[in-house]
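Coordinate inspection notes
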Amino acid sequence: PMMVYPAAFAVEVVQDSEELQRVLRPLGSGILRMRVKQATRLKNVDRFGKSDPYCTVIVHDTEPQKQKTRVVNNNLDPVWNNEFEGGDLKDGKYEFMVVDASSNIKFVIKDFERVGRNKVLGEAQVAIHSLLPDTMTACELPLLIGDKLTDPTSTLYVDLEWKPFLEDVNTEMPQIPNWSSAAVFVSILRAWDLE
């Protein structure tokens, strides 16, 4: 059979759905895929030339995960098109494994400085649970500094997709005698000639 990750299969082994919930929780709630596209009309904080913006993505999960775009020099309308420093892209999108679906995604845009502190140009935040599951959502996020808009037109453009593993592990299993519920963990060590 063909398997597409993430895949969930019901395999009856344990009767207790609370035990199944406890076992599955450490695996995570799902995968967050994102594409950081661009920002427009950023504030210029440089004395000479224009700001040199980059965007840091922080997923506030049980352990915060971070990823940073490349710096776009001398530009108030940077286009990143998901060019991160390191990290694996999957189908043009960066992926975060999320344990807690009530987590937030924070975007912080800063001006890169070779000497001194990088200055914040704007921030935006999205709650993962507010995203429609299994749907790529194009977001236009107004940028804030603290609780105030940086400029009514400063905007960050991102695509976000929330791929939950299991909607509810307490769903009813087929009534087959002498069956119970369990989780099966599979590690693929090597693969080749995949099409």
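Predicted model only: the values in this text are computed from it and were never measured. (Residues numbered from 1 in each chain as written. Predicted model: local features only at pLDDT ≥ 70, side-chain atom pairs only at ≥ 80, totals over all residues. Heavy atoms only, no water.)

So, on to the side chain of Thr56. Mapped onto the fold, Thr56 is located in strand S3 (residues 53-60). In contact with Thr56, other than residues within four places in its own chain, are Gln67, Lys68, Lys106, Phe107 and Val108. (Helix = DSSP H or I, 4+ residues; strand = E, 2+ residues; numbered from the N terminus. Contact = heavy atoms within 4.5 Å.)

Moving on: the pattern of salt bridges. Under the counting rule described, the total for this entry stands at 7 salt bridges. For Arg33, the salt bridge is made with Glu95, and the minimal N-O distance between the two is 2.7 Å. Here Glu95 lies in strand S6 (residues 93-98) and Arg33 lies in strand S2 (residues 30-40), a separation of 62 residues in the sequence. Under the relative-accessibility criterion, Arg33 is labelled buried at 10%. Note on Glu95: relative accessible area 26%, which makes it partly exposed. In this structure, Glu113 and Lys119 form a salt bridge, with 3.9 Å as the shortest nitrogen-oxygen distance. Members of the salt-bridge network, linked through shared partners, are Arg35, Lys37 and Asp159. (Salt bridge = Lys/Arg side-chain N within 4 Å of Asp/Glu carboxyl O. Buried < 20%, exposed > 50% of the residue type's maximum accessible area, 1.4 Å probe, protein only.)

This brings us to the nonpolar core. One broad rule of soluble globular proteins: the nonpolar side chains tend to lie buried together. Ranked by internal contacts, the top residues of the largest apolar core, which has 28 residues, are Leu32, Met34, Ile105, Phe107 and Leu156. Elements with a contribution of two residues or more to this core: S2, S3, S6, strand S7 (104-111), strand S8 (119-127), strand S9 (137-142) and strand S12 (155-164). Discounting residues that sit within four places of it in the chain, Leu156 has contacts with Val36, Gln38, Ala39, Cys55, Trp80, Phe107, Ile109, Cys139, Glu140, Leu141 and Leu143. (Core = buried A, V, L, I, M, F, W, Y, C linked by side-chain atoms within 4.5 Å.)

When S3 meets S7, the two strands line up antiparallel, connected through 8 bridges. Across the sheet, Val57 pairs through a bridge with Phe107, a residue of S7. Pairing of S7 with S8 involves 8 bridges; the strand directions are antiparallel. Bridge assignment links Asn104 to a residue of S8, and that residue is Ala127. (Pairing = 2+ DSSP bridges.)

Distances and angles like these do not, on their own, reveal function.
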